Amino acid sequence: ASDVYKRQKEEQRQEAQTILDQFYPEEALTAEDMVKGDLDGDGIADLAVTGFDETADEAYDNGRKIYLFRGQADGSFRTLTTIDTLGPGCGGIYGDPYDGILITDGRLVVKVYGGSNWRWGYTDIYQYENGEMKKKWELGMEEYVFTPGYDFYITNTCLLYTSPSPRDKRQS
């Protein structure tokens, strides 16, 4: 079963690499991860590809971005604004902090984790709005080895009230 999983992941990575090469031929990008899902609610699959620029100077740029592609009715894709996320050298003793991306309920979820005796993890949630992905929420968790318990916070990055989705409304 693990060989099947590895083969599927490699095929997915190769598909992601083809997409990055097609849309960003002038950049030396290496595809790392890809997820599919409907980000804009039109019923057409969109893509999120995590890519790393091997030529980036880690002192000034972490090199990792999430490249977003909006699916079109004819099967093609259009690019959306990229999202910066933590690069391989940003996770402390845990190494690469990248913990994955997923598309769920029309939102892009980005997870990172790292630290040393102070461990941290962040989950950022983006939503498609007015033609681009906007960061809407951030969940941060911190754990200290010598102190029991967690510190955590949830930040709603919207300044205005956002009404809940119809499935969140209770029937009376």
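Residues numbered from 1 in each chain as written. Predicted model: local features only at pLDDT ≥ 70, side-chain atom pairs only at ≥ 80, totals over all residues. Heavy atoms only, no water.

We now examine the overall build of the protein chain. Regarding its fold elements, the protein chain presents 1 helix and 10 strands. Starting at the N terminus and walking to the C terminus, you meet the elements of the protein chain as α-β-β-β-β-β-β-β-β-β-β. Restricting to contacts in the protein chain with at least 6 residues of sequence separation, those with at least 24 account for 34%. Split by element, the accessible area of the protein chain, about 10,700 Å² in all, is 51% carbon and sulfur. (Helix = DSSP H or I, 4+ residues; strand = E, 2+ residues; numbered from the N terminus. Contact = heavy atoms within 4.5 Å. Areas by Shrake-Rupley, 256 points an atom, 1.4 Å probe, with all protein chains shown as cover.)

The tendency in soluble globular proteins is for nonpolar side chains to be buried side by side. Ala48, Ile66, Leu68, Ile83, Ile101, Leu108 and Met133 are the most contacted members of the largest nonpolar core, which totals 14 residues. At the level of secondary structure, the elements contributing two or more residues to this core comprise strand 3 (64–71), strand 6 (98–104) and strand 7 (107–115). Of the residues forming this core, the biggest block, 3 residues, is contributed by strand 6. In contact with isoleucine 101, other than residues within four places in its own chain, are Asp33, Val35, Ala48, Thr50, Ile66, Leu108, Val109 and Val110. Tyr24, Val49, Tyr67 and Phe69 belong to the second largest nonpolar core, which has 11 residues in total. (Core = buried A, V, L, I, M, F, W, Y, C linked by side-chain atoms within 4.5 Å. Buried < 20%, exposed > 50% of the residue type's maximum accessible area, 1.4 Å probe, protein only.)

Before going further, it helps to examine unusual backbone geometry. For aspartate 105, which is not glycine, the phi dihedral falls at a positive 50°. Structurally, aspartate 105 is set in the loop between strand 6 and strand 7. Of note in this structure, asparagine 130 is not a glycine but carries a positive phi near 55°. Looking at the secondary structure, you find asparagine 130 in the loop between strand 8 (118–129) and strand 9 (132–144). With relative accessibility at 70%, the residue asparagine 130 sits in the exposed group.

It is worth spelling out a nonpolar patch on the surface at this point. Taken together, the side chains of Ile93, Tyr94 and Tyr113 make up a nonpolar region of the molecular surface, amounting to roughly 320 Å² of accessible area. With respect to the helices and strands, the residue tyrosine 113 is situated in strand 7. (Patch = residues over 30% accessible without salt bridge, like charges linked within 9 Å, V, L, I, M, F, W, Y side chains within 5 Å. Salt bridge = Lys/Arg side-chain N within 4 Å of Asp/Glu carboxyl O.)

Time to look at the pattern of salt bridges. Taken as a whole and judged by the stated rule, the model has 13 salt bridges. Between lysine 9 and aspartate 33 there is a salt bridge; the shortest N-O distance is 3.4 Å. Here the residue lysine 9 occupies a position in helix 1 (residues 2–23), and aspartate 33 occupies one in strand 1 (residues 29–37), the gap between them amounting to 24 residues. Given a relative accessible area of 32%, lysine 9 falls into the partly exposed group. With a shortest N-O distance of 2.3 Å, arginine 70 and aspartate 40 are connected by a salt bridge. Of this pair, arginine 70 sits in strand 3 while aspartate 40 sits in the loop between strand 1 and strand 2 (46–53), and the two are 30 residues apart along the sequence. Relative accessible area serves as the criterion here: at 22%, arginine 70 is assigned to the partly exposed category. One continuous salt-bridge network, built from bridges that share partners, spans Glu32, Arg64 and Asp96.

With 5 bridges connecting them, strand 6 and strand 7 associate as antiparallel partners. Paired with tyrosine 98 across the strands is valine 112, a residue of strand 7. With antiparallel pairing between neighbouring strands as the criterion, strand 6 and strand 7 make up a hairpin whose turn holds 2 residues, including aspartate 105 at a positive phi of roughly 50°. Pairing of strand 7 with strand 8 involves 9 bridges; the strand directions are antiparallel. Bridge pairing in strand 8 links lysine 111 to threonine 123. (Pairing = 2+ DSSP bridges.)

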